[in-house]
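Commentary on secondary and tertiary structure
The residues making up each chain are set out below.
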Amino acid sequence: MSLDAFAGQAASLIAGFEDPDTGHGIADEGPRWIEAAETCVLMRIDQLRLIGGLPRHEPPLTVEQRLHRLQDLLRLWAEGCLFAVDERLFADILNRRREKS
């Protein structure tokens, strides 16, 4: 996936989350939005060259923390800051996905 595609996907996710015309609240769409946003983040992790590893020893993020960090990171990507990294968010997503396996 190209960098432009990540910016576009991030912009679509942010627009869908913030669209008041959808008629759906975060309580209705939150889990699906978070899943889509995390999938986007995981695809981006695969393309980044992270040096030094992730802070995998940190306690899990709360749902509110995860949602806030996902929104912030996707906004940055949508605005063209495609090399912005939230290592704590990356580590949290990876830890939770491994626990499900």
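Remember, it's a predicted structure, so these values are computed and weren't measured experimentally. (Residues numbered from 1 in each chain as written. Predicted model: local features only at pLDDT ≥ 70, side-chain atom pairs only at ≥ 80, totals over all residues. Heavy atoms only, no water.)

**Details of the overall build of the chain**
Helix and strand content of the chain: four helices and zero strands. Of the regular secondary structure in the chain, the N- to C-terminal order runs α-α-α-α. The buried share of the chain, reckoned over its 101 residues, is 36%. Considering only intrachain contacts with a sequence separation of at least 6, the fraction spanning at least 24 residues in the chain is 79%. Carbon and sulfur atoms make up 54% of the accessible area of the chain, which amounts to about 6,200 Å² in all. (Helix = DSSP H or I, 4+ residues; strand = E, 2+ residues; numbered from the N terminus. Buried < 20%, exposed > 50% of the residue type's maximum accessible area, 1.4 Å probe, protein only. Contact = heavy atoms within 4.5 Å. Areas by Shrake-Rupley, 256 points an atom, 1.4 Å probe, with all protein chains shown as cover.)

**Examining the pattern of salt bridges**
A side chain of one charge can pair with a side chain of the opposite charge when the charged atoms of the two come close. Counted by the stated rule, this structure contains eight salt bridges. Between R66 and E38 there is a salt bridge whose closest N-O contact spans 3.0 Å. Here E38 lies in helix α2 (residues 26–47) and R66 lies in helix α3 (residues 63–78), a separation of 28 residues in the sequence. Accessibility expressed as a relative area gives 2% for E38, which makes it buried. For E38, the salt bridge identified is with R96, shortest N-O distance 2.3 Å. Of this pair, E38 sits in helix α2 while R96 sits in helix α4 (residues 87–100); the two residues are 58 residues apart in sequence, bridging distant segments of the chain. When salt bridges with common partners are traced through the structure, they connect E35, E38, R66, D92, R96 and R97 into a single cluster. (Salt bridge = Lys/Arg side-chain N within 4 Å of Asp/Glu carboxyl O.)

**Considering the nonpolar core**
W33, V41, L70, L73, L74, W77 and F90 are the most contacted members of the largest nonpolar core, which has 24 residues in total. Those elements that place two or more of their residues in this core are α1 (3–18), α2, α3 and α4. In terms of residue count, α2 provides more of this core than any other element does, seven residues in total. V41 has contacts with L70, L73, W77, F90 and I93, leaving out every residue within four places of it along the chain. (Core = buried A, V, L, I, M, F, W, Y, C linked by side-chain atoms within 4.5 Å.)

**A short note on the packing of α3 against α4**
Where α3 meets α4, the axes come as close as 10 Å, and the angle between the chain directions of the two elements is 120 degrees. Here α3 lies oblique to α4, going by the angle between them. Once α3 is placed against α4, the crossing between them reads as left-handed. For the pair α3 and α4, the contacting residues are R66, R69, L70, L73 and W77 in the first and R88, L89, F90, D92, I93 and R96 in the second. Counted by class, the contact of α3 with α4 contains six nonpolar, no polar and five charged residues. (Axes fitted to C-alpha atoms, helices over the stretch in contact; angles between N-to-C directions. Parallel < 35°, antiparallel > 145°, perpendicular 65-115°, else oblique. Left-handed = near helix turned anticlockwise from the far one by under 90°. Nonpolar A, V, L, I, M, F, W, Y, C, P; charged D, E, K, R; others polar.)

**Digging into the packing of aromatic side chains**
Under the criterion given, the structure shown has zero aromatic pairs. Above the face of the F83 ring, R44 is positioned so that its terminal group lies 5.3 Å from the ring centre. (Phe/Tyr/Trp six-rings, centres within 6.5 Å; stacked < 30°, edge-to-face > 60°. Lys NZ or Arg CZ within 6 Å of the ring centre and 35° of its normal.)

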